[in-house]
Structure formats: structure tokens, C-alpha cells
Amino acid sequence: MAFSKQLCIKPLAHQAWRYEDVAGHWDQLILRSETEENGQQVEYQQGTLAELLDIPTLLARLPADLQDEQGILPGTALLCGTVPAIGGIRPSGSFSMSLVDPVLGCTLSHHYQTRSLPVVK
């Protein structure tokens, strides 16, 4: 378990969109990411939310103690997966990600640097 957490951190955005604002075109939202390889930024992932489980399906699978009659409890984050890595999963010294709304013309983005940790056994 410790090793898997070292491999796959879960950053959270400082900004978000209201679900109601994007629900009608949810499947058109685009996930993109880039990594650094040999000093160059390269495409690592690209796909739409149509490739992931939809929100009603995810909410139906949510444990009862994380829901109330309005839906997901305030302060709860729902991680819904990601699109496949282009060329497979591999380490990088940096990672850039974005969620693009082509309908409303807005983007959420984040970038971070990484550092390798020793393998925990």
C-alpha cells in the first residue's frame, strides 16, 4: 500500500466548477496531461470524460456514510479515475494537467515537480 501511494499522489485543485454548469456537456470535457522527458514536455494523457464512469453511476456506488438526501456530503471529494497514459505509466520530474471545457471556453490546470522516494517494502 505504501509503495502504491508513492507512485500515485492525488493532488486536488484549488478551483472547481459547479457540476450544474458542466453537467449538460460533461462528456465533452477534456483531460490532458504532460510530463517532462529528456528536458522536453511530452503529451502523457488526453481523453474526454466520456471515457470515465458518469457521475450518476459513481454516486450510486458511493458508500451511504458519504451521502445525504441531497447527494454527496459537503467536503467530500469523489475521485473518478483517469484516461490511459500514452506510452504507459512512467516516472517524470514534472507533471502538468488540465481539465478543458471546450463549450464554456475555460480551463482548470495545475503543474508540480516530483522527487523520487526510496521503495518501501
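Residues numbered from 1 in each chain as written. Predicted model: local features only at pLDDT ≥ 70, side-chain atom pairs only at ≥ 80, totals over all residues. Heavy atoms only, no water.

A. Just unusual backbone geometry, in detail. Backbone geometry at N38 places phi at a positive 55°, although glycine is not the residue there. Within the fold, N38 resides in the loop between strand 1 (30–37) and strand 2 (40–48). (Helix = DSSP H or I, 4+ residues; strand = E, 2+ residues; numbered from the N terminus.)

B. A look at the pairing of strand 5 (residues 94–101). Among the eight residues in strand 5, seven count as buried, and that is most of the element. With eight bridges joining them, strand 5 and strand 6 (residues 106–113) adopt antiparallel strand pairing. Paired with D101 across the two strands is C106, which belongs to strand 6. Hairpin geometry of strand 5 and strand 6 is characterised by an intervening segment of four residues between the two adjacent antiparallel strands and by a positive phi of about 70° at G105. (Buried < 20%, exposed > 50% of the residue type's maximum accessible area, 1.4 Å probe, protein only. Pairing = 2+ DSSP bridges.)

C. Summary view of the environment of Q113. With respect to the helices, strands and loops of the structure, Q113 is situated in strand 6. With a relative accessible area of 56%, Q113 lands in the exposed category. Taking C-alpha positions, Q113 is 4.2 Å from S94, a pair spaced 19 residues apart along the chain. Excluding residues within four positions of it along the chain, Q113 makes contact with G93 and S94. Within the local environment of Q113, its side chain forms a polar contact with the backbone oxygen of G93, the two atoms lying 3.5 Å apart. One polar contact links Q113 to H111, side chain to side chain, over a distance of 2.9 Å. (Contact = heavy atoms within 4.5 Å. Polar contact = N/O pair within 3.5 Å; in protein donor to acceptor, adjacent residues only side chain to side chain.)

D. Layout of the side chain of S96. Along the chain, S96 falls in strand 5. Here H111 takes part through its side chain, which lies 2.6 Å from a polar atom of the side chain of S96.

E. Broad picture of the confidence of the model for the protein. For the protein, the average pLDDT comes to 88, and 93% of its residues sit at 70 or higher. Taken element by element, the protein is modelled with least confidence in helix 1 (residues 2–7), mean pLDDT 61, and with most confidence in strand 2, mean pLDDT 96. (pLDDT = per-residue confidence, 0-100.)

F. Here's a closer look at the side chain of T35. Mapping T35 onto the fold places it in strand 1. Sequence-distant contacts of T35, defined by excluding residues within four places in its chain, comprise Q40, Q41, V42, Y44, S92, S94 and F95.

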